[in-house]
Amino acid sequence: MPTLNDAANGNEAVSLLIGGLAHQQWEAYEIDSDLLIPADAWHCTIAGVNNVLPPNVVAGAQVTVKVGNDLVLTGRIDTITQTIRKGSRQFQLSGRDMAAQLVDCSAPIFVRKMATLKEIITSIVRPLGISKIRLQTTASTSIREKISVEPGDTAWEVLRNAAEAEGLWPWFDPDGTLVVGGPDYSTPPVAVLYAHAEGSNIESISRTDNVAERYSSITVLGQTHATAADGGKHNLKGVATDTGITWSRPKIVIDHETDTSLLCQERAAKLMGDSRLKGFELKITIAGHRIKVPGETGDGKLWQPGQRVRVASDLMGIDAVYFVMGRKLLRSRGYGTTTELTLKEDGVWIVEAHPHKRKHRRGKNALTGEVITFEDVK
């Protein structure tokens, strides 16, 4: 059966491994990964007159997705849609990575005192079948005086709050390992992408500048619940400014969970970082799924979030290093095999702590560094 995704296409061929069988013949596919979206999604389409799915390809089946020999996602099939039209049968398969289990399900209800981040994470994810965990940090994490999970909290919400309280962020590696870490802005750019009047090595580039959610200053006001006689502090304030906004656009946020001036300042910085993150975006489409470096041979690495890339375009007025926040692997009849990159300002996505008094206490800020691995938690 002729399809767009030729299995002989070596390092670009997309395979779904289900029940020990590899499925490669796809009419079209999308494989998404974004650091800001908790569950990476995939979607594949197969069409033909005599198509019949193997009996092990069912909703809920475990699946691994590979490009060539490189693993890109581990998860389950969420949905299978079958359509028959004019004698042709089409199947659409879609699913998400292991984060879907945490996004969809309620967190286990528990109360723990004097718990480390490792203990908190395992208490959240172990009952939901997540056993491989990697904690990436350059500093020791704090011990929480008390953490309690209430009915209605999803596992992802509790995990995210626990990670943010230490200046970290959760995501899943392609092999299904839960990683709690942060961006590494010290890694060198993996490639140079350019779009000039005289030539380009990309298919398309789109730049979006948006000031709707940017502010000249963000002020966070906090207040403790204690009285002055009890040692409570009033008029707590933190201010962050954006020199890119040259006219007055102030914003004031009241946050009763910030009970020190330092936490108010860190919260203001976090909100300002989020504001700048929304204010600029590059969308770049390139041919293929792998990084092409001039002078180098071999298949090349796959594009993936967390990489840094230099982009130069006199037409767009840019020449700088940007952070790969997301990437989407695509295949269609109209456009062939392409990759769409979502790029943000380098160094802007800074995961800072936002205390959650009901569950967490603020720990030391920590980014990617020493790797502490604890797998197959008993």
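Residues numbered from 1 in each chain as written. Predicted model: local features only at pLDDT ≥ 70, side-chain atom pairs only at ≥ 80, totals over all residues. Heavy atoms only, no water.

Considering only enclosed or pocket space, the second largest pocket measures out at about 290 Å³ in volume. Contributing to the lining of the second largest pocket are 16 residues, with G75, R76, D97, M98 and Q101 lying nearest its centre. Elements with a minimum of two residues in the lining of the second largest pocket: β5 (62-67), β6 (70-85), β7 (88-97) and α1 (99-104). Broken down by element, the residue count for the lining of the second largest pocket peaks at four residues, all from β6. (1 Å grid on protein atoms, 1.4 Å probe; cavity = no way out; pocket = protein on both sides within 12 Å on 5 of 7 lines; lining within 4 Å. Points joined across faces, edges and corners; volume = space filled by probe spheres on them. Helix = DSSP H or I, 4+ residues; strand = E, 2+ residues; numbered from the N terminus.)

Attention now goes to the nonpolar core. Grouped together as the largest cluster of nonpolar side chains are 25 residues, with contacts concentrated most on L102, I121, V125 and L178. For this core, the elements supplying multiple residues, two or more each, are α1, α2 (117-125), β9 (133-137), α3 (155-164) and β12 (178-181). Broken down by element, this core gets its largest block of residues, six residues, from α3. Ignoring anything within four residues of it in the chain, the contact list for L102 reads V125, L128, I130, T154, A155, W156, L159 and F172. (Core = buried A, V, L, I, M, F, W, Y, C linked by side-chain atoms within 4.5 Å. Buried < 20%, exposed > 50% of the residue type's maximum accessible area, 1.4 Å probe, protein only. Contact = heavy atoms within 4.5 Å.)

Turning next to the environment of A165. Inspection of the secondary structure assignment puts A165 in the loop between α3 and β11 (169-172). Residue classification places A165 among the buried positions, given a relative accessible area of 0%. With 48 residues separating them along the chain, A165 and L117 place their C-alpha atoms 9.6 Å apart.

Bringing α3 into the picture now. Spacing of three or four residues puts side chains on the same side of an α-helix, whose turn is 3.6 residues. α3 sits mainly inside the fold: eight of its ten residues count as buried. Among the residues of α3, A155, W156, V158, L159, N161, A162, A163 and E164 are the ones counted as buried.

Let's shift gears to the confidence of the model for the chain. Residues at a pLDDT of 70 or more form 79% of the chain, whose mean pLDDT is 81. When the criterion is pLDDT under 50, residues 225-230 qualifies, and its contacts beyond four places in sequence or with other chains add up to seven contacts. Scored below 50 in pLDDT, residues 353-378 shows 100 contacts in the model against residues more than four places distant or in partner chains. (pLDDT = per-residue confidence, 0-100.)

Moving on, we come to the packing of aromatic side chains. All told, the structure shown has four aromatic pairs when counted by the stated rule. Centroid distance W169 to W349: 6.3 Å. Interplanar angle 80°. Geometry classified as edge-to-face. Note that W169 is positioned in strand β11 and W349 in the loop between β22 (336-345) and β23 (370-374), a separation of 180 residues in sequence. Relative to Y322, the ring of F280 has its centre 5.6 Å away and its plane inclined at 15°; by these criteria the two rings are stacked. Taken as a pair, F280 in strand β19 (residues 280-287) and Y322 in strand β21 (residues 318-332) lie far apart in primary sequence, 42 residues in all. One exposure class covers both F280 and Y322, and it is buried. (Phe/Tyr/Trp six-rings, centres within 6.5 Å; stacked < 30°, edge-to-face > 60°.)

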